[in-house]
Amino acid sequence: MKIKGKFTVAFASVFVLVALGSGTTLVMNTKVESRVNQMLNEHRVKYDLARQIQYESAVRAEVQRNLVIMTDPKKQAQERQTMRDSADRYGERLKQLSELPLSAQEAEMIDKIRANGAETYTALGEFLSNLDADMKEDAVDVLYGSMREIQLRFFKLIDEFTEIQEQNLRQSEQDLAAALKFANALQFILATLMAIFVSIVGVLLTRSIATPITALTHKMREIAASADFTQRVAL
């Protein structure tokens, strides 16, 4: 009964240790991987939105150049509608980007992009007013003067923002790889410790079984040698 009890306690201890180690490793892996993947997704979304904003700005810039050389009122109306639609998409993407979790640096850059947009609309109003008044030379001056300067600042800002997201993506991927490497190393260490513990328990169990048997064998030899069969053997 004593040996059976030792077996039970030993195997129960091993089972609990293995379960705790595996459970802890699994929870750590899941939490770390989930958090890093969340950060990766956030950076990808920011990057994609920034690229869409950049594209819509390029569309509007192209439309503005077309308006200067177009003489067909119908085509001009179509181009203006294209520009309005693009401006709506630009505003929607910028709003979506502003609602995402942003670092202090990112938030500052978004504020600069928004301020740049306000300057763009002011210059655009002047540009369109000149076109409506059939003052193409003045419209061209605005297009290649103040509007060009504003657009250049915008593209510089958006390029810096997307570059930050690219850096963040690379860093998050490295963090994920490092986290998984750490988790695997921890799992290996736990497995090694469990193997050592099982080995120790195995040795102790072997001794706990072998020692009573050796003692019993020794006692039986003593009884046989003395021919005193009234002796008792303690088990």
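Residues numbered from 1 in each chain as written. Predicted model: local features only at pLDDT ≥ 70, side-chain atom pairs only at ≥ 80, totals over all residues. Heavy atoms only, no water.

1. Some details on the environment of L180
Argument step 1. Secondary-structure assignment places L180 in helix α5 (residues 146–226).
Argument step 2. Here L180 falls in the partly exposed class, since its relative accessible area comes to 33%.
Argument step 3. Put simply, L180 and T30 are 150 residues apart on the chain and 9.8 Å apart in space, counted from C-alpha to C-alpha. (Helix = DSSP H or I, 4+ residues; strand = E, 2+ residues; numbered from the N terminus. Buried < 20%, exposed > 50% of the residue type's maximum accessible area, 1.4 Å probe, protein only.)

2. Side note on empty space enclosed by the protein
In this approach, a probe sized like a water molecule rolls over the atoms, and the result shows the empty space that is left.
Argument step 1. Per the stated rule, a full pass over the model turns up 1 cavity of 30 Å³ or more.
Argument step 2. Roughly 80 Å³ of volume is contained in the largest cavity.
Argument step 3. Lining the largest cavity, in full, are S57, R60, A61, Q64, Y90, N116, G117, T120, Q151 and F154.
Argument step 4. For the lining of the largest cavity, the secondary-structure elements that each account for two or more residues are α1 (2–69), α3 (104–132) and α5.
Argument step 5. Top element by residues in the lining of the largest cavity is α1. It accounts for 4 residues.
Argument step 6. Considered class by class, the residues forming the lining of the largest cavity number 3 nonpolar, 6 polar and 1 charged. (1 Å grid on protein atoms, 1.4 Å probe; cavity = no way out; pocket = protein on both sides within 12 Å on 5 of 7 lines; lining within 4 Å. Points joined across faces, edges and corners; volume = space filled by probe spheres on them. Nonpolar A, V, L, I, M, F, W, Y, C, P; charged D, E, K, R; others polar.)

3. Here's the deal with the packing of helix α2 (residues 73–98) against α3
Argument step 1. At a minimum axis distance of 12 Å, the contact between α2 and α3 shows a crossing angle of 170°. Between α2 and α3, the interaxial angle falls into the category roughly antiparallel. Both α2 and α3 take part in a crossing whose hand is left-handed. Contacts from R80, M83, A87, Y90, L94, L97 and S98 in α2 reach I110, I113, R114, G117, Y121, L124, L128, L131 and D132 in α3.
Argument step 2. When grouped by side-chain class, the residues that make up the contact of α2 with α3 number 11 nonpolar, 2 polar and 3 charged. (Axes fitted to C-alpha atoms, helices over the stretch in contact; angles between N-to-C directions. Parallel < 35°, antiparallel > 145°, perpendicular 65-115°, else oblique. Left-handed = near helix turned anticlockwise from the far one by under 90°. Contact = heavy atoms within 4.5 Å.)

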